[in-house]
Structure formats: C-alpha cells, structure tokens
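# Structural features, examined
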Amino acid sequence: SSYTVAGAAFSALIDVDDRAALSWLPELKKDARGSLAAAVRKAELLTRTESDFEEVCNQISGSELFEKLNNLSGFISYLKHINDVENFRKGIDLALKITDEILVISPHQKQKTLEALVRIRETKIEKKRQGINTDAMQAQILILDEILKT
C-alpha cells in the first residue's frame, strides 16, 4: 500500500537526515497508518531529549517482542542525540540486548543494528569535529569502536 511505501521512505529519511524528517513529522502524523505510523513513532523518539533517557529506555525494554522490533531502529537513532557517556553506554548496551532478544523473529537484525551503530559513530565523529562536547564524543566513539571491532 502507499502507507507501506511512505513508511519505508520516511524511515530511511530518519536514518540519513533526522532534521529533514522532523520537518515532515507534523504533516505525516495527521494520517499515519501501518508502516507510516511505525515510522512516525520512530521520528517522535527524536523529539525526546536527554532528560527523557530513563523513560525512553524503560518504554522499549518493557515492550513486547514485536514492539521492540518495531521501535529498535528509532531507539538507536535517538542515541545519536545522547551526550552523557554513561547514558550512551547504557543505551548501546540496551540496544544490543534487544537485538539479541529479537533475533528469533528477525535473523538479520544484528547486521541492521551494527549498520545503525556505524551511522551513529559517523555522527559522533562529526560532532567532535565541530567541537561539540569533544571529550564525551571521543569516549562514545571508543565505545562504538569496541563494539564494532567484533
């Protein structure tokens, strides 16, 4: 359906340019169904701030298996905006734990998660290059390097 196509396109936009995706969010929320509704939920996670970290983690960790599968990529995208190193590490650990849990229903999820972590690493490198919270960004890059080397 057109909602499936729109959902896939919007989800891909979130992955590559979350600012552009957020500019579309108000309009897409008006009539979101199926895959588009899932992509809208993914984008809405990006409106959450670092102060929402514990709540966001509790929501995804307390979800049913299929809901975890549907929300994992949004949660991983949300981690791009986390600057606190301890929270970032907790979030990455939670994402990896959930990835392992959902492998039974989505065998390719491990690869998708690792690809998303590579994109987060690129974002953190860019933030560091721009002089944004450089010590925290370096620590987060090292966390990701440790995970991605395996």
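Heads up: these notes are all about the structure in this document. (Residues numbered from 1 in each chain as written. Predicted model: local features only at pLDDT ≥ 70, side-chain atom pairs only at ≥ 80, totals over all residues. Heavy atoms only, no water.)

## Examining the packing of helix α5 (residues 65-79) against helix α6 (residues 85-102)
Packed helices, taken two at a time, are described by the angle their axes make and the gap between the axes. It is at 10 Å that the axes of α5 and α6 come closest, and there the two elements cross at 150 degrees. Taken together, the axes of α5 and α6 lie roughly antiparallel to each other. Crossing of α5 over α6 shows left-handed handedness. Across from L65, K68, L69, L72, F75, I76 and L79 in α5, the residues of α6 making contact are F88, G91, I92, L94, A95, I98, T99, E101 and I102. (Axes fitted to C-alpha atoms, helices over the stretch in contact; angles between N-to-C directions. Helix = DSSP H or I, 4+ residues; strand = E, 2+ residues; numbered from the N terminus. Parallel < 35°, antiparallel > 145°, perpendicular 65-115°, else oblique. Left-handed = near helix turned anticlockwise from the far one by under 90°. Contact = heavy atoms within 4.5 Å.)

## A short note on unusual backbone geometry
Most peptide bonds take the trans configuration, and most residues that are not glycine carry a negative phi. The phi torsion at N133 lies on the positive side, around 50 degrees, for a residue other than glycine. Looking at the element boundaries, N133 is found in the loop between α7 (109-129) and α8 (134-148). Note on N133: relative accessible area 39%, which makes it partly exposed. (Buried < 20%, exposed > 50% of the residue type's maximum accessible area, 1.4 Å probe, protein only.)

## Some words on the packing of helix α2 (residues 18-29) against helix α3 (residues 34-45)
Running from amino to carboxyl end, α2 crosses α3 at an angle of 135 degrees, the nearest separation of the two axes being 10 Å. Relative to α3, the element α2 is oriented oblique. Remark: the crossing between α2 and α3 carries left-handed chirality. Seen from α2, the contacting residues are L22, L25, L28 and K29; seen from α3, they are L36, V40, A43 and E44. Class assignment for the residues of the contact of α2 with α3 results in six nonpolar, no polar and two charged. (Nonpolar A, V, L, I, M, F, W, Y, C, P; charged D, E, K, R; others polar.)

## Topic: empty space enclosed by the protein
Evaluated as defined, the whole model comprises one cavity of 30 Å³ or more. Lining the largest cavity, in full, are D15, S73, I76, S77, K80, A116, R119 and I120. Those elements that place two or more of their residues in the lining of the largest cavity are α5 and α7. (1 Å grid on protein atoms, 1.4 Å probe; cavity = no way out; pocket = protein on both sides within 12 Å on 5 of 7 lines; lining within 4 Å. Points joined across faces, edges and corners; volume = space filled by probe spheres on them.)

## Points about the side chain of Q140
Among the secondary structure elements, Q140 is positioned in helix α8. The buried category is assigned to Q140, whose relative accessible area is 0%. Beyond its immediate stretch of four places on either side in the chain, Q140 contacts I82, N83, D84, V85, F88 and K124.

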